[in-house]
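# Fold and contact review
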Amino acid sequence: MLCSKIFQEAMVMKKFAIVVFAALLCCSSVCAAEKTYTWKISTIRPAGTAIDNDVKVFIEEVKTKSNGRINIEIYPNAQLGDYTVVQERISVGSVEMAVQSISTSVDRQLQMVNLPYLVKDWNGIRKNFRTGSPFMDWLAERLAKQDIKLLGMWPSYFGGIALAKEPPSPGDPSVNKGLKVRVMPQKSYELLGESQGYMATPLPLAETFTALQTGIVDGIFGAGAEGYYANYRDLVKFYIPSNTHVEAWPLIMNMELWESLSDGDKKIIAEAAQHLEDHRMEVGEADTAYNEKRLEDYGAKIIRLTPEQLSACAEAARKAIFPAIREAIGPKNFDAVVSMINE
């Protein structure tokens, strides 16, 4: 009888322990699902610009779908540092998110993202700079090596040539233009300027306005109508939308933070990121035309090239640039990426 009573008490205690454990497990799951966050997201344009407005929509969608648990504070106009610094800070987790230019300081292969004339038009952007494409899968793998999660892409514009003086034969890259132009301090952009018939002068962005204002250079490579209007509209007298390169900004996040999220929160972030990307793919081309019109309305002459002239410019650039970049990052790496591009 005593043994039977002890056995019964033991069974009661076991059942009680199971109930308590289940309750604790349930509580733990609920607590995990209800975790709240406050993150920072960095952008490189001022408040009120297209990227600022789109990121605010992204933030609101995340906040709404998470019932206010995930709050993201936007820091526009590179308030948290320039894009190279912010990318490093995302890698270590001191900044959670950003939509910005991609830094190649850690990984030279990432210069393929804005390689001149990698694609020729917005159809090429929509095919290759969209989540799920082979090119984006490659980019995600490269960024993951820096502990960065790629969530989506925000293509800003195609690059063009802004000038203070009108060039001779602007659509013929074989003609020496006799003009000095600022290019980014990258070999590919120095070769780009020279391939189009200009004298390339590598300069940091911070020195560009003064150089153009004082006549040290006669024009600028490295941005598009949006950037030229925002920063140089008083100096730009001619603009050539020659589609020199794609300025595409990845939406990135610290990888450790991403992996710590619940499946539900990952879904919320991923869906909002996809909506951000899809919207830009729809309106990006029209936004480019809008900014070209703003430059024109401000007094710049827009020099439009024929399809044949655009093809000639692209061919000259690729002939000058591709072999040099292929050698710089390795033929196998270069060829693998180029083979992914769907024209």
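Computed from a predicted model, the values in this text were never measured in an experiment.

## Some words on the nonpolar core
In terms of nonpolar packing, the biggest core is built from 55 residues, with Phe129 and Leu139 touching the most fellow members. Broken down by element, this core gets its largest block of residues, 7 residues, from helix α11 (residues 307-329). With 27 residues, the next largest nonpolar core counts Ile44, Ile72, Leu251 and Ala273 among its residues.

## Section: the sheet that holds strand β8 (residues 219-223)
If you trace the 6 strands from one edge of the open sheet to the other, you get β7-β6-β8-β5-β9-β11, paired in mixed fashion. On the outer flanks of this sheet lie β7 (199-202) and β11 (301-302), each paired with one strand and no other. Across 2 bridges, the pairing between strand β9 (residues 238-240) and β11 is parallel. Bridge pairing in β11 places Tyr239 opposite Ile302. Packed onto the sheet, helix α8 (residues 225-232) meets β5 (160-163), β8 and β9 and runs at close to 125° relative to β8.

## Observations regarding the confidence of the model for the protein
With 90% of its residues at a pLDDT of 70 or more, the protein has an overall mean of 92. Every residue in residues 17-32 is under pLDDT 50, and counting partners more than four places away or in other chains gives 0 contacts.

## A few points about the pairing of strand β6 (residues 180-183)
When β6 meets β7, the two strands line up parallel, connected through 4 bridges. Bridging from a neighbouring strand, Lys180 pairs with Met199 of β7. The parallel pair β6 and β7, bridged by helix α6 (residues 187-195), forms a crossover whose chirality is right-handed. As defined by bridge partners, β6 adjoins β8 across 2 bridges and the pair is classed as parallel.

## Comments concerning the packing of α8 against helix α10 (residues 263-297)
Between α8 and α10, the shortest axis-to-axis distance is 8 Å and the interhelical angle comes to 35°. Read as a crossing pair, α8 and α10 show a hand that is left-handed. Across from Ala225, Glu226, Tyr228 and Tyr229 in α8, the residues of α10 making contact are Thr288, Asn291, Glu292, Arg294 and Leu295. Here the contact of α8 with α10 is composed, by residue class, of 4 nonpolar, 2 polar and 3 charged.

## Remarks on the pattern of salt bridges
Per the counting criterion, the structure on display carries 15 salt bridges. Close ionic contact of Arg326 with Asp335 constitutes a salt bridge, the shortest N to O distance being 2.8 Å. According to the relative accessible area criterion, Arg326 is partly exposed, its value standing at 33%. Judged by its relative accessible area of 34%, Asp335 falls in the partly exposed class. A single network of salt bridges, built from pairs that share partners, joins Glu61, Lys65 and Glu271.

## What about the environment of Val99?
Within the secondary structure layout, Val99 lies in strand β3 (residues 97-99). By relative accessible area, Val99 is classed as buried at 1%. Residues in contact with Val99, not counting those within four places in the same chain, are Ile41, Ser42, Thr43, Ile44, Ile51, Val55, Trp154, Trp249, Pro250 and Leu251.

## Section: the packing of aromatic side chains
All told, the structure shown has 11 aromatic pairs when counted by the stated rule. For the pair Trp122 and Phe158, a centre-to-centre distance of 6.3 Å together with 85° between the ring planes defines the contact as edge-to-face. Remark: Phe158 occurs in strand β4 (residues 148-158) and Trp122 occurs in helix α4 (residues 122-128); sequence separation between them is 36 residues. Here Trp122 falls in the buried class, since its relative accessible area comes to 5%. Their ring planes at 55° and their centres at 6.4 Å tell us that Tyr228 and Tyr232 sit as a pair that is tilted. Of the two residues, Tyr228 and Tyr232 both sit in helix α8, 4 residues apart, roughly one turn of that helix. For Tyr228, a relative accessible area of 0% gives the class buried. Classification of Tyr232 by relative accessible area gives buried; the value is 6%.

## Re unusual backbone geometry
With phi around 60°, Asn77 is a residue other than glycine that occupies positive phi space. With respect to the helices and strands, Asn77 occurs in the loop between β2 (70-75) and α3 (83-92). With a phi close to 55°, Asn243 is a non-glycine residue in the positive phi region. Relative to the helices and strands, Asn243 resides in the loop between β9 and β10 (246-254).

## Points about helix α2 (residues 50-65)
A rise of 1.5 Å per residue sets the reference length of α2, with its 16 residues, at 22 Å; its end C-alpha atoms lie 23 Å apart and thus fit the reference within 8%. All of the buried residues along α2 are Ile51, Asp52, Asp54, Val55, Phe58, Ile59, Glu61 and Val62. Contacts from the buried residues of α2 go to β1 (37-43), β2, β3, β4, β10 and α10. Downstream of α2 by one or two residues, Asn67 has phi in the positive range, about 55°.

The rules behind the values
Residues numbered from 1 in each chain as written. Predicted model: local features only at pLDDT ≥ 70, side-chain atom pairs only at ≥ 80, totals over all residues. Heavy atoms only, no water. Core = buried A, V, L, I, M, F, W, Y, C linked by side-chain atoms within 4.5 Å. Buried < 20%, exposed > 50% of the residue type's maximum accessible area, 1.4 Å probe, protein only. Helix = DSSP H or I, 4+ residues; strand = E, 2+ residues; numbered from the N terminus. Pairing = 2+ DSSP bridges. Contact = heavy atoms within 4.5 Å. Axes fitted to C-alpha atoms, helices over the stretch in contact; angles between N-to-C directions. pLDDT = per-residue confidence, 0-100. Right-handed = clockwise from strand over helix to strand, strands pointing away. Left-handed = near helix turned anticlockwise from the far one by under 90°. Nonpolar A, V, L, I, M, F, W, Y, C, P; charged D, E, K, R; others polar. Salt bridge = Lys/Arg side-chain N within 4 Å of Asp/Glu carboxyl O. Phe/Tyr/Trp six-rings, centres within 6.5 Å; stacked < 30°, edge-to-face > 60°. Expected span 1.5 Å × (residues − 1).

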